[in-house]
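Breakdown of the fold
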Amino acid sequence: MMIRSALAGLVLLSSAPALAASRPRYGGELRVAHAGPPEIGEPALADTPMEAALLGLLTRPVCRVDANGQVHATLARELTRPVPQALRVAMPSAASATALARAWTRLSSTESPSPYRALLYPLRGEGRQVTATGATLDLALAFPWPDLERSLCHPALATPPSPASGPFSAAGRGVLEAQSAWPEGRPYLDRLALTATDERGLTRLWAARQVQVELGTPPDNDTLTGAALYATYLAFSPRKVPADFRQAVESAIDREDLTRLFVKGPAVPMANLLPPALMPQAPKARPGTPPAGATRKVTLAYDAALADQRAVAERIQVKLHDQGYTVALEPQSRAALRSRQAKGDFELMLNAFLLPPIPGPALAVVLEAGGRRDLLGVELPPIGALTDAGARDARSRERALALAPSVPLIPLYAQGLALRAAPEVTGLMLDAQGLPVLEGAWLAPVEATGGGGRP
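The numbering scheme is per chain: residues are counted from 1 as the chain's sequence reads. Local features are withheld for residues below a pLDDT of 70 in this predicted model, meaning they are given only at 70 or higher, and side-chain atom pairs are given and counted only at 80 or more; totals for whole chains, interfaces and linings count all residues. Working from all heavy atoms in the structure, the side-chain values ignore hydrogens and water.

Regarding the packing of helix α8 (residues 255-262) against helix α9 (residues 307-321)
Which entries qualify depends on this criterion: Axes here mean lines fitted to C-alpha atoms, for a helix over just the part in contact, with angles spanning 0 to 180 degrees between N-to-C directions. A run of H or I in DSSP counts as a helix once it spans at least four residues, and a run of E counts as a strand once it spans at least two, with each numbered from the N terminus. The cut-offs work like this: below 35 degrees is roughly parallel, past 145 is roughly antiparallel, 65 to 115 is roughly perpendicular, and the gaps in between are oblique. Each crossing is labelled by how the near helix is turned from the far one, with a counterclockwise turn of less than a right angle marking it left-handed and a clockwise turn marking it right-handed. Any two residues whose heavy atoms approach within 4.5 Å at even a single point are treated as in contact. Three residue categories are used. Nonpolar comprises Ala, Val, Leu, Ile, Met, Phe, Trp, Tyr, Cys and Pro, charged comprises Asp, Glu, Lys and Arg, and polar comprises the others, including Gly.
Packing of α8 against α9 leaves a shortest axis separation of 10 Å and a crossing angle of 135°. In terms of orientation, α8 and α9 fall into the oblique class. Considering the relative orientation of α8 and α9, their crossing is right-handed. Here α8 contributes Asp257, Leu258 and Phe262 to the contact with α9, which in turn contributes Asp308, Ala311, Val312 and Arg315. Residues of the contact of α8 with α9, tallied by class, amount to four nonpolar, no polar and three charged.

Structure, rendered in structure tokens:
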């Protein structure tokens with residue numbers, strides 16, 4: 001399935017001449033329906049595109065990256081480099097700066113360190129010693145890392161929701177109101193009315209014109225799709241599975257078949273450590289089937305909250321049976337999966353992560369998730385030493401290919417978030433992370449949309 005770019009989505013949403021000539025208007029309520037994910041208040045765990053989009057209404061990281069790769073301060077007032085080896089983050093208040101320092105420190109918790117802590121690895125002390133001085137955080141780098149600002153825009157680095165940490169604030173069940181003091185400027189809309197439903201409910205609400213924006217809608221010719229950066233891997237423990245396990249999986253799993261038949265929503269097969277949105281995917285020859293041996297019993301853990309992972313786990317169970325493996329399936333909470341992944345307490349596990357839209361920081365997250373934190377100090381400094389962004393991206397891709405055999409992750413597929421909007425919804429953009437920027441949307445008069453045709 002072709003994944004349309006965020007920039008293409010912006011062009012489509014703003015192409016009508018009547019809308020392009022209109023001026024943004026304040027006010028109004030936007031009715032939004034979404035496929036209902038579990039409510040997760042911890043940004044480092046709310047990392048499906050849907051969860052990140054919804055949580056992003058209530059809390060944000062210090063910045064966002066637009067579709068053109070430019071960094072815009074959001075929760076922060078300003079990001080500056082007083083010297084090349086330091087970044088200064090100016091926050092709205094001392095309280096917000098302290099909350100941010102605590103959120104980043106929590107990523108490196110010894111109890112359950114997050115794979116997203118790799119985004120802070122270039123900082124001196126690896127982000128464990130971030131402290132606020134008044135409303136300012138001064139971040140010293142251990143080595144050059146020109147992509148630090150864009151790394152800090154990742155949704156997992158946001159603070160937990162609080163009354164002033166997002167463009168909207170909760171005002172009752174399913175109702176969000178605009179924050180007048182939001183650093184980027186007050187959202188145009190007065191409020192959002194959110195409805196959680198299932199796939200059939202989305203179709204019914206859209207057909208009845210009861211909503212104006214749908215998130216997580218089944219992709220078709222009328223939908224827009226953000227960058228496919230939510231990458232799913234089959235992780236394995238080299239100490240607990242046979243040496244030929246990777247070969248068995250590669251010979252048994254057809255990624256095209258897996259993605260087309262068992263993964264809902266917009267998804268693309270992923271043959272490399274980084275998804276197609278970040279690097280070309282060269283065709284891979286499927287290896288021969290390893291010699292048959294004695295029956296091996298293994299347990300595959302997966303995210304109980306994700307229907308896609310359950311379907312994929314069941315497919316892997318069937319395909320590995322033909323390779324002589326008896327696979328027991330074990331649904332787990334996401335928090336439990338992350339804890340076990342950090343401790344290496346598993347045989348097989350489906351792991352999924354929302355990767356940043358830049359190859360270097362994305363490679364850092366993948367190495368951390370694959371248990372190869374030892375490689376970060378070897379691989380990241382040479383990447384950061386390159387001043388040209390294109391050269392850094394190229395080296396990151398080269399290293400991802402070279403390191404793949406030594407990282408116990410088998411890439412499977414990557415997903416994006418699909419959405420559609422009614423004609424009167426104007427100014428709706430997708431950022432580089434593939435998430436909608438709803439605070440920039442506004443409602444045009446019905447007559448400006450040609451009478452309000454079919455949503």
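Okay, back to it.
Some points on the packing of helix α12 (residues 376-384) against helix α13 (residues 389-403)
Interaxial distance between α12 and α13 falls to 9 Å at its minimum, and their mutual angle equals 155°. Considering their axes alone, α12 and α13 lie roughly antiparallel with respect to each other. Handedness of the crossing formed by α12 with α13: right-handed. Facing Glu379, Pro382, Ile383 and Gly384 of α12, the residues of α13 in contact are Arg392, Arg395, Ser396, Arg399 and Leu403. Taken together, the residues that form the contact of α12 with α13 break down as three nonpolar, two polar and four charged.

Quick notes on helix α11 (residues 359-369)
Counted only if it meets this: Here's how the labels work: a residue is buried when its accessible area is under 20% of the maximum for its type, exposed when over 50%, partly exposed in between, all with a 1.4 Å probe on protein chains only.
Burial within α11 is extensive, with eleven of its eleven residues counted as buried. Residues of α11 that are buried include every one of Pro359, Gly360, Pro361, Ala362, Leu363, Ala364, Val365, Val366, Leu367, Glu368 and Ala369, and no others. Backbone geometry just after α11 places Gly371 at a positive phi near 75°.

Some words on the state of the cysteines
We count it as follows: Cysteine sulfurs are considered disulfide-paired once they come within 2.5 Å of each other.
Going through the model one piece at a time under the given rule, you end up with one disulfide. The disulfide partner of Cys63 is Cys153, and the gap between their sulfur atoms is 2.0 Å. Handedness of the Cys63-Cys153 disulfide follows from its S-S torsion of about -115°: it is left-handed. A residue pair is termed long-range when its members are at least 10 positions apart, and Cys63 in strand β2 (residues 63-65) and Cys153 in the loop between α5 (148-152) and β8 (168-170) qualify at 90 residues.

Some details on the pairing of strand β7 (residues 136-140)
This is how the line gets drawn: Criterion used throughout: strands pair if DSSP finds at least two bridges between them.
Residues Leu137 and Leu139 line the buried face of β7, whereas the alternating positions Thr136, Asp138 and Ala140 sit on a face that is not buried. In this sheet, β7 lies alongside strand β5 (residues 86-90) in antiparallel orientation, the contact comprising five bridges. For Ala90, the partnering residue across the bridge sits in β7 and is Thr136. Where strand β6 (residues 132-133) meets β7, two bridges bridge the pair, whose relative direction is antiparallel. Looking at β7, one finds that Ala132 is bridged to Leu137.

Read these as spatial facts, not as claims about activity.
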